[in-house]
Amino acid sequence: MAQQGLDHEQFCCSICLDLLNDPVTVPCGHSYCRTCIEGYWNQDDQRGRFSCPQCRQTFKPAEVVESLKKTGLQTAPPDHCYAGPGDVACDVCPGRRLKAVKTCLQCLVSYCDTHLQPHYQSPAFKRHQLVQASGELQENICSRHNEVRKLFCRTDQQCICSLCSVDEHKGHDTTSAAAERAERQKEVDRSQQNIQQRIQEREKDVKGLHQEVESIKHHADRAVEDSDNIFTELISSIERRRSEVSQLIRDQQERQVSRAEELRRRAEQEVTELRRRHAELEQLSLTEDHIRFLQRYTSSLSTTSESTHPASSHVRPLTHFEDVTVAVSKMRDRLEDILTEEGTNVSETVNRVDVSLRDTEPKTRAEFLQYSRPIRLDPNTAHQRLSLSEGDRKVTEMNTHQSHPRHPERFTRYHQVLSREALSGRWYSEIKRSGGCAIAVSHKDISRTWWGDECVFGYNDKSWSLECREQGYTFRHRRIATPIPGCVSSRVGVYLDHSAGTLSFYGVSDDTMTVLHTVHTTFTHNLHVGFVLESGSTAELLYELN
């Protein structure tokens, strides 16, 4: 308490075990009472030898004691200067130790700022190498010879001591640790430069992608606005047409009703007149006077035979507005067909919007699977001997004709089928097959009925095909066949990067992917997956892969 809270052990002389009295610090950093250290050096067994009682380091006390003499105790350092958990502690401090600021690789000792001063002030420590304080000094000591490791064995790629170089590493290619460090540092510098260059490239990509994101948002908002305006105009046009048709019907209704009313009025007048004539004739027939009967007969009969109105048998059967409903229905059907066809084109155009970084080609199966999207086969394109199942994802060659309806999209010559959805952007899928088949990527407008090469996958400039048989793989495009060596797998991966013009086929086994063939070109059309199946074979598009 008399020392205002100072740590007793920190200021205790290790010789007299009491508080330092007239303290001095020797070059190694340890402090003693002046009388104690001088008495220690004056002992018979120490006379002429000047060393530290604690660390046994020897030195010339006359040169250093004067400069390192301490005449009083210093103020206790703040708590944050003391070593705590995770800190490297000074190996020289007695009692509560301060944080080490440097480690000497020659002394293999870590020093606080106070005990480090001799390394800065004494010429004896001039050659010592100081590094950032480290608590892993034992790694620098050879466990076999208890010597400092100062050499590097290039043969065994490990640090060794001088005794190791003449022992188990004798005859090996060895060099100093400093020389090896210099060589390795060159590699580190090159790696740093490479990494820095990549950082700059990626930062440029990040900046470009940020601008691309803003551009995408802007253009997407503009496209939505324009599309809304176009659809609003289309709806307004349909509403106008609906109103016009309604008005046409009402106008025609008014004309035809007026005409019918006129005909009805005239018919009613004729009925009244005929009733009157009928009564006259009936009255005539009741006349008993023959002369009077004959006199009235001629005038009455002539009046009755003349009529200003057409006979009812001459009136056409009524035709109402059913034909109008049929005509409007046809217009609706044609409009729906247009919306469906053009809507598909719009969807495919939207799906072709793709943003990608260079050098980001997938490498592992897990990375490829990120681009897996479900697609279905189109029943309207399947040859008569092909049967679809599993939600139109699996196709089987049945050896017999199936009851498929006629359709202009159907393949009629070869046992082929195309996918319903177009492939856009980046797409990956795996196909599980059995038997001989060809896996293809093709334009949708490939011929369906021609007997020549125009409709066969891989035999024209509109399709790329990988033929899979037990004997091996063959890639085919424009009729050119490229045999592919290697074992045939029951599972094939297909990867497409439409905008980059890359098409790759892979043999897949567990998580191992083997490149079979890669195409680099420019795709100018939407592409669809297709299959050609030999007798009894199957092919299935897999999704939610494990």
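The structure this text deals with has already been given above.
Cut-offs applied
- Residues numbered from 1 in each chain as written.
- Predicted model: local features only at pLDDT ≥ 70, side-chain atom pairs only at ≥ 80, totals over all residues.
- Heavy atoms only, no water.
- Helix = DSSP H or I, 4+ residues; strand = E, 2+ residues; numbered from the N terminus.
- Buried < 20%, exposed > 50% of the residue type's maximum accessible area, 1.4 Å probe, protein only.
- 1 Å grid on protein atoms, 1.4 Å probe; cavity = no way out; pocket = protein on both sides within 12 Å on 5 of 7 lines; lining within 4 Å.
- Points joined across faces, edges and corners; volume = space filled by probe spheres on them.
- Nonpolar A, V, L, I, M, F, W, Y, C, P; charged D, E, K, R; others polar.
- Phe/Tyr/Trp six-rings, centres within 6.5 Å; stacked < 30°, edge-to-face > 60°.
- Lys NZ or Arg CZ within 6 Å of the ring centre and 35° of its normal.
- Pairing = 2+ DSSP bridges.
- Axes fitted to C-alpha atoms, helices over the stretch in contact; angles between N-to-C directions.
- Contact = heavy atoms within 4.5 Å.

*Asks:* Please explain unusual backbone geometry as it appears in this structure.
*Replies:* Glycine aside, a negative phi is what most residues show, and trans is what most peptide bonds show. Even without being a glycine, Gln-157 presents a positive backbone phi close to 55 degrees. Here Gln-157 is to be found in the loop between strand 6 (151-153) and strand 7 (158-160). Judged by its relative accessible area of 48%, Gln-157 is partly exposed. Here the phi dihedral of Arg-479 falls at roughly 75 degrees; this positive angle occurs in a residue that is not glycine. Tracing the chain through its elements places Arg-479 in the loop between strand 15 (472-477) and strand 16 (480-484). For Arg-479, a relative accessible area of 46% puts it in the partly exposed group.

*Asks:* Would you mind going over empty space enclosed by the protein with me for this structure?
*Replies:* Where empty space is left can be seen by rolling a probe of water-molecule size over the atoms. Following the criterion strictly, the structure yields one cavity of 30 Å³ or more and no others. There is about 40 Å³ of room inside the largest cavity. Considering the residues around the largest cavity, the lining is formed by Asp-378, Thr-381, Glu-409, Leu-418, Ser-419, Arg-420, Lys-444, Arg-448 and His-528. In the lining of the largest cavity, the residues fall into one nonpolar, three polar and five charged.

*Asks:* Teacher, can you tell me more about the packing of aromatic side chains here?
*Replies:* The geometry of an aromatic ring pair is captured by the separation of the ring centres together with the interplanar angle, meaning the angle of the planes. By the definition in use, this model includes seven aromatic pairs. Ring centres of Phe-368 and Tyr-495 lie 5.2 Å apart, and the angle between their planes is 85 degrees; on these two criteria the pair is classed as edge-to-face. Of this pair, Phe-368 sits in helix 8 (residues 365-369) while Tyr-495 is found in strand 17 (residues 491-497), placing the two residues 127 residues apart along the sequence. Each member of the pair, Phe-368 as well as Tyr-495, carries the same accessibility label: buried. Summarising the aromatic geometry, the rings of Trp-464 and Phe-523 are spaced 5.3 Å apart at their centres and angled 85 degrees between planes, so their arrangement reads as edge-to-face. Here Trp-464, found in strand 14 (residues 463-469), pairs with Phe-523, found in the loop between strand 19 (512-520) and strand 20 (527-533); they are 59 residues apart in sequence, far enough to count as distant. Judged by its relative accessible area of 6%, Trp-464 falls in the buried class. Judged by relative accessible area, Phe-523 falls into the buried class, the value being 9%. In textbook terms, an aromatic cluster arises when at least three aromatic residues are bridged by ring pairs, as seen for Phe-368, Tyr-371, Tyr-428, Tyr-495 and Tyr-506. The ring centre of Tyr-414 lies 4.7 Å from the NZ or CZ of Arg-413, which sits over that ring. The ring of Phe-411 has Arg-448 sitting right over it, with the charged end atom 4.9 Å from the ring centre.

*Asks:* Help me understand the sheet that holds strand 8 (residues 174-176) in this model?
*Replies:* By definition, the strands of a sheet pair up through backbone hydrogen bonds, in either a parallel or an antiparallel sense. Overall, antiparallel pairing links the three strands, which are arranged 7-6-8 in an open sheet. A single partner strand is all that each edge strand has here, and the edge strands are strand 7 and strand 8. Recorded for the sheet is a direction-independent mean angle of 35 degrees between the axes of neighbouring strands. As judged from the three bridges shared by strand 6 and strand 7, these two strands associate in the antiparallel manner. For Phe-152, the partnering residue across the bridge sits in strand 7 and is Cys-159. Sheet contacts for helix 5 (residues 177-285): strand 6 and strand 8; angle to strand 8, the most-contacted strand, approximately 90 degrees.

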